[in-house]
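# Structure at a glance
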Amino acid sequence: MIAIVLDFGGTNIKLGIAREGRMLAGSRLAAYSGSGLLPRLNAAREAVLDLLARTSLTTADCGGVAIALPGIVDPVRRTLLSINEKYADATGFAFEQWARESFGLRLEMENDARAALLGETAYGIARGETNAVLMTFGTGIGTAALMNGRIVRGRHYQAGILGGHMATDAYGEICTCGNVGCLEAQASHWSLPAWLVKQDGYRDSALAGVSDIGYRSVVEASAANDPFAVRAMRHLLVHWSAGIVNLIHAYDPDLVVLSGGLMKSRELVVPELSRLVRERAWTPWGDIRIAASRDPDSSVLLGLSHLLERSDGHDAI
């Protein structure tokens with residue numbers, strides 16, 4: 001089946017044409033998520049039609065459209081139930097009607113981290129796994145879980161995906177979700193700049209001169225042995241590992257998949273992160289396996305394609 005797939009991320013909108021685990025074409029648009037999702041739908045539609053033209057395809061050649069969003073998604077009614085700040089205008093929007101009017105095709109929807117995990121277990125680093133969790137490091141920190149071969153959604157569709165909002169410091173920062181000490185509030189890409197500038201030694205560090213500070217700048221400065229960056233990196237690793245241990249204790253996986261933009265620095269991050277997780281996780285059955293996605297940029301899109309192809313698209317717990 002040829003699938004039209006759209007991943008509405010906080011920074012970029014990724015679009016693609018996929019078939020049987022392979023991307024036939026892809027592109028991306030700036031998200032401007034602070035201004036909402038609905039104003040970007042027309043640009044997304046035009047970008048999809050351009051991709052179809054580039055691959056000598058039409059909507060008649062496609063079996064459906066699938067959309068991923070970074071919020072609580074109802075995949076049965078194909079709607080966004082709740083989202084934290086970005087894309088708030090899309091809550092309750094009739095995406096199914098938009099897909100029909102724009103492309104004349106059926107629609108599937110899913111949370112972006114769940115779609116990424118589906119992509120990894122269908123085609124990626126977790127292929128064939130039946131018990132796995134995923135943590136993806138983007139603007140925020142997304143998570144998902146697969147148990148006994150079934151994606152975890154829960155009664156209200158929020159099970160598995162709120163790992164970024166499990167507390168890793170009960171006395172920590174107030175999160176945008178209203179909780180205190182969430183992993184996102186302590187160690188996400190969006191919360192990092194505000195945390196750094198409040199720390200002693202920041203003004204004398206290599207990071208003080210960085211205009212667009214984020215994960216990559218901290219990782220690189222730490223690798224260059226800047227003392228402040230080394231301490232900041234330790235802070236991140238401690239919180240990330242605590243978040244992963246939370247997932248392990250909650251969902252009992254055999255494998256942890258790490259994904260997102262941070263994995264571009266996997267050689268500098270994953271070994272120490274894995275060591276901390278194994279040191280702290282209670283797994284009397286054996287060692288938890290931890291692996292980085294081979295292609296974080298396409299896992300969500302391929303997961304969406306798989307969701308359309310599955311005959312049991314709503315088989316979940």
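Before reading further, recall that the structure is shown in the block above.
Keep in mind the model is a prediction, meaning the values are calculated, not measured.

About the criteria used
- Residues numbered from 1 in each chain as written.
- Predicted model: local features only at pLDDT ≥ 70, side-chain atom pairs only at ≥ 80, totals over all residues.
- Heavy atoms only, no water.
- Pairing = 2+ DSSP bridges.
- Helix = DSSP H or I, 4+ residues; strand = E, 2+ residues; numbered from the N terminus.
- Contact = heavy atoms within 4.5 Å.
- Axes fitted to C-alpha atoms, helices over the stretch in contact; angles between N-to-C directions.
- Buried < 20%, exposed > 50% of the residue type's maximum accessible area, 1.4 Å probe, protein only.

## Overview of the sheet that holds strand β9 (residues 141-147)
With mixed pairing, 5 strands are arranged side by side in an open sheet as β10-β9-β8-β11-β12. Only two strands of the sheet have a single neighbouring strand rather than two, namely β10 (150-151) and β12 (289-292). With 6 bridges connecting them, strand β8 (residues 132-137) and strand β11 (residues 255-260) associate as parallel partners. Of the residues in β11, the one forming a bridge with methionine 135 is leucine 258. Strands in contact with helix α7 (residues 227-251) are β8, β9 and β11; relative to β8, the strand with the most contacts, it is inclined by about 155°.

## Regarding the side chain of glutamate 108
Along the chain, glutamate 108 turns up in strand β7 (residues 107-111). Overall, glutamate 108 belongs to the buried group, its relative accessible area being 6%.

## Comments concerning the pairing of β9
Among the 7 residues that make up β9, 6 are buried, leaving the element largely enclosed by the rest of the structure. Pairing between β8 and β9: 6 bridges, direction antiparallel. Pairing of threonine 136 across the sheet is with glycine 142, part of β9. Sheet topology places β9 next to β10; 2 bridges connect them, and they run antiparallel. The partner of methionine 147 across the bridge, within β10, is arginine 150.

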